[in-house]
Amino acid sequence: MQPDESQYLQRKCRTGDIDVHPTEKALVVYYEVEASILGEAGNARHEEKKECQKIIRLRSLNASTDVSALARKVVEECKIIHPSKLVEVEHLLLYLQNRKKGSTLILHLACNPDNLEELSSSLARVLREDWKHSVELATTIIYVFFCFSSFSQFHGLITHYKIGVLCMNIIEHELKKYDLWQDELEKKSKDPENQSLRKEYEKTLKKYQSLLVKQEQLLRVAFYLLLNLSEDTRTELKMRNKNIVHLLVKSLERDNEELLVLVVSFLKKLSIFLENKNDMAEMDTVEKLACLVPCEQEDLMNVTLRLLLNLSFDTGLRTKMVHVGLLPKLTALLGDDTYKHVAMRILYHISVDDKSKSMFAYTDCIPQLIQMLFEHGEERMDTELISFCINLAANKTNAQIICEGNGLKMLMKRALKLKDPLLMKMIRNISQHDGPLKQLFIEYVGDLAAQIKQEGDEEFVIECLGTMANLTIPDLDWELLLKEYNLVPYLKDHLKPGSAEDDLILEVVIMIGTVSMDDSCAVMLAKSGIIPALIELLNAQQEDDEFVCQIIYVFYQMVFHQATRDVIIKDTQAPAYLIDLMHDKNVEIRQVCDNTLDIIAEYDEEWGKKIQSEKFRWHNSQWLEMVESRQMEDAEPYLYGDDPDALEQPDLFYSTVIQIWNDIRVHNNPVEGLQLYFYGSERSQKWSCKTDYEETVQKTVINITGLQGTK
C-alpha cells in the first residue's frame, strides 16, 4: 500500500538476541522491523512485522585485540544494537577471541600425526560427557571429526571411538527437542486474542528461532560426518540398523535449504538398497519430498528429483507419487531444460502402471510430448521420450488425445519416412483400441502393406504387421488388400520354422487370424496351403504357449466359414491336434480349444462323437484320481483289518457301485456311459484279473435299475 496525502509511513526497529556465529569470526544480531501506515489522526491503519538478522564480521579480531575498544566500536557503528548491550557484546567478543585461540591450539596439535590419536581420544571423551551441556561445543568437536572424516584413512580412528554412534544419539536427541519446541509453540499460539499469551508466544518464538539456527548447524555437521563414514557399506548397514533413515526423513520437515540438500543427498545414497527403500516407504518419504517440488534452490531441486527417480522403481511408491499430486508438478518440469530429463524418467516409470496411465490425460503432458517428438526433425528420438509415449499410447483416452487433429497423420508420416520401429510401436499401441481409433487407420493400410513387402528392417516390419493385425474392423476389404500387394505368398513363406525370427513369425500368425475373419480371405488362405503350414508350425512350437494359442485362434476363425471348415475337418488333422490340447495347462489355450471343438462337433457328427468321448474320458480319469487321492489320505496301514473276507462285505460293494454310478450318470445314456466307463478307459487295468472285472460289470448292470431309483 502506497501512502497518500492523508497517510505516512512509520518504521520501528527492536533489537533481539545477539549471538556468535557458529563457524565464522562474526556476531549475529537478531532484530525485528515493524512498519506501520498511519492516518491523519496518527492511528495505525496497517502494520507489518518482519524478523531479520545482521552478521557483523570481525576480521581484525585476534589474540592481541583490545576487546573493550572493539565492543564500543561495534555498538557505535551498528545502530540496531542498543548501548545497554555493550557488556553483552564485550563478553561475546571475548568468547570469540578465546574460541579462536582454542581452535589454533587444536590445529597446531593436529599438525603432528603423533598427536592425532590422543587428540581424538580427548575430544571424543569431552563430546561424550558434555555434548548435552552446550550445542556450540558439540558442533565444534563434531566439526573437527568431520574434517578427519574427509579422509578415508581416519575412518578407522573415528569408528574406534564410536563417534558415529554418538552423532546418531545426538541427532535423535535434538530431533526430540525440536518436537518439544514445536508443541510448546503450538500451545502458546492457541489464543492469539490474549495479549499476555501473545507476548509470551512472540518471546518464545524468538528464542526458538535462535535455538533452531544453532541446532541445524549441529545437525548439518553431524549428518555430513555420517555421510562420509557411510562410504563403507558395513558402516552404512550399522547406521541402517540404528534407524538412520528415520532420522533423515524426520529432518525433511526443516526449512533450512543447506540442511535439506544434505539430508536428501544422504537419502539418495541410501535408497539404492532395498532395505533402506522399504524404510523410506514406511516413513511416508514421498509425501515429504512432494513439498519440495518445485523449489527455487537448484541443488535441492536436482537432488530431490534424483531421489524420487530412485524411489520410482518401486510400484507402491510410484502409486504414492500420483496420490500426493506429483504428476502435474513433474509434468510442469518438462518445459525446463534443467530438470526435463530426470522428470521424464520419473514420469516414464509412473506410466508403466496401467492404473496410472489414465491420470496423464488430466495433465498437459501428452501435448508437450507430441511437440517434443516433432521437434526432433529427421534424427532418431530420445529413448526416454519415445518409450514414455509408447506406454501412454496403450491407454485409450491418451491415444485419443494423441490422435487429435492431425496427430496420427503426422506420426504415420514420420514413422514411414524414418523407418523408426519404436515410433511404429507407439502407433501399433494406438491401433489396438476399439472404436473410432481403428477407423482412422483405414487410409494407411496400403502404406503398411507396402512396408511389409519391402522386407527392410525386421523390427520395423514386425510393428507394421502388428498394427495391421490389430485392425479388426468390418469396413476393411482384406481380400482386395491381399491381392493388390500379393501378401498371401509372403504370409505362407514366413510360417516355415526358421524362415525368420520367432517374433516375426508370430506376428504373421496373428495377421492370418485377423484376415481369416473375412470369409473370402479364409477361403483364399485355405486354398494356398496355409493350414498344413500352420500345423507344421504348431508341431515345431508346441512348447511355446503364445504360438500355440495364436495358431489355434486361426483355426477358430476358419471353422466359422463353410469352405475352410470342410478343409480343416476333412483334409487335415487339425481336430486331432485340438483334442490333444483340450486339457493343456494354459487356461487360454483350453478355452480357445473348447470353443473351436464345439463348433466342429456341431457340424461333423463323427468328430462330435470323438470329442464327446474324449471329454467324458477326461472327466472319468479326473474323478478317479480324486477318489484315489482321497483313499490314500484316509487309508490306514491295514485298511480292512485282519479279516480276509472283508472285501466280500455287501456295504463295501454297494458303496463302490454308487461311486461308479455317480460318475457315469452324468452321461445322457447311462448304459452307454457304463460301457465307456469300463471299456473305453484304462480302469480295467486296475482290476486284479479279468474274471473280477467282468463280474463287477455284471453286478453293476444288475444293480443299475435300483440305483436309478435312488439317484
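A short tour of the structure in this document, coming up. (Residues numbered from 1 in each chain as written. Predicted model: local features only at pLDDT ≥ 70, side-chain atom pairs only at ≥ 80, totals over all residues. Heavy atoms only, no water.)

Notes on the overall build of the protein
Going by this rule: Secondary structure elements are taken from DSSP: a helix is a run of H or I of four residues or more, a strand is a run of E of two residues or more, and numbering for both begins at the N terminus. Each residue gets one of three labels from its accessible area relative to the maximum for its type: buried under 20%, exposed over 50%, partly exposed in between, using a 1.4 Å probe on protein chains only. In this analysis, two residues are considered to be in contact whenever any of their non-hydrogen atoms come within 4.5 Å of each other. Surface exposure here means Shrake-Rupley accessible area, sampled with a 1.4 Å probe, where a residue is shielded only by the protein chains that are shown.
A count of helices and strands for the protein gives 38 helices and three strands. By the burial criterion, 45% of the 711 residues in the protein qualify as buried. Restricting to contacts in the protein with at least 6 residues of sequence separation, those with at least 24 account for 66%. Accessible surface computed for the protein: about 38,300 Å², of which carbon and sulfur atoms make up 49%.

Digging into unusual backbone geometry
In this model, Val-293 is joined to Pro-294 through a cis peptide bond whose omega is -5°. With respect to the helices, strands and loops of the structure, Pro-294 is situated in the loop between α12 (285–290) and α13 (298–311). Positioned with a positive phi, Asp-284 is a non-glycine residue whose angle comes to about 55°. With respect to the secondary-structure elements, Asp-284 resides in the loop between α11 (274–282) and α12. On the accessibility criterion, Asp-284 (36% relative accessible area) is partly exposed. Unusually for a residue other than glycine, Lys-419 sits at a positive phi of about 55°.

Remarks on the nonpolar core
Rules: Each nonpolar core is a collection of buried residues, namely Ala, Val, Leu, Ile, Met, Phe, Trp, Tyr and Cys, held together in the definition by side-chain atoms within 4.5 Å.
If you look at the biggest cluster of nonpolar residues, it comprises 174 residues, and the most contacted ones within it are Phe-223, Ile-244, Leu-305, Leu-369 and Met-426. Among all residues touching Phe-223, those that are not within four sequence positions of it are Ile-171, Ile-244, Leu-247, Leu-248, Ser-251, Leu-259, Leu-262, Val-263 and Phe-266. Counting 20 residues, the second largest nonpolar core, distinct from the first, contains Val-75, Val-89, Leu-92 and Leu-96.

Focus on the side chain of Ser-251
Which entries qualify depends on this criterion: Polar contact criterion, stated in full: a pair of N or O atoms within 3.5 Å, where within protein one must be able to donate a hydrogen and the other to accept it, and residues adjacent in sequence count only if both atoms are side-chain atoms.
Considering the arrangement of structural elements, one finds Ser-251 in helix α9 (residues 244–251). Separated by 2.9 Å, the side chain of Ser-251 and the backbone oxygen of Leu-247 make a polar contact. With near-sequence residues (within four places) excluded, Ser-251 lies in contact with Leu-175, Phe-223, Leu-260 and Val-263.

Here's the deal with the pattern of salt bridges
Keep this limit in mind: Salt bridges, as used here, are contacts in which a Lys or Arg side-chain nitrogen is within 4 Å of a carboxyl oxygen on Asp or Glu.
According to the stated counting rule, one finds 24 salt bridges in the structure shown. One salt bridge in this structure joins Lys-483 and Glu-479, with 3.1 Å as the shortest N-O distance. Of this pair, Lys-483 and Glu-479 are both found in helix α26 (residues 478–484), four residues apart, which corresponds to roughly one turn of the helix. Taking relative accessible area as the criterion, Glu-479 reaches 25% and is therefore assigned partly exposed. Because the salt bridges share partners, they merge into one network encompassing Lys-425, Arg-428, Glu-463 and Glu-507.

Purely geometric numbers; function is a separate question.
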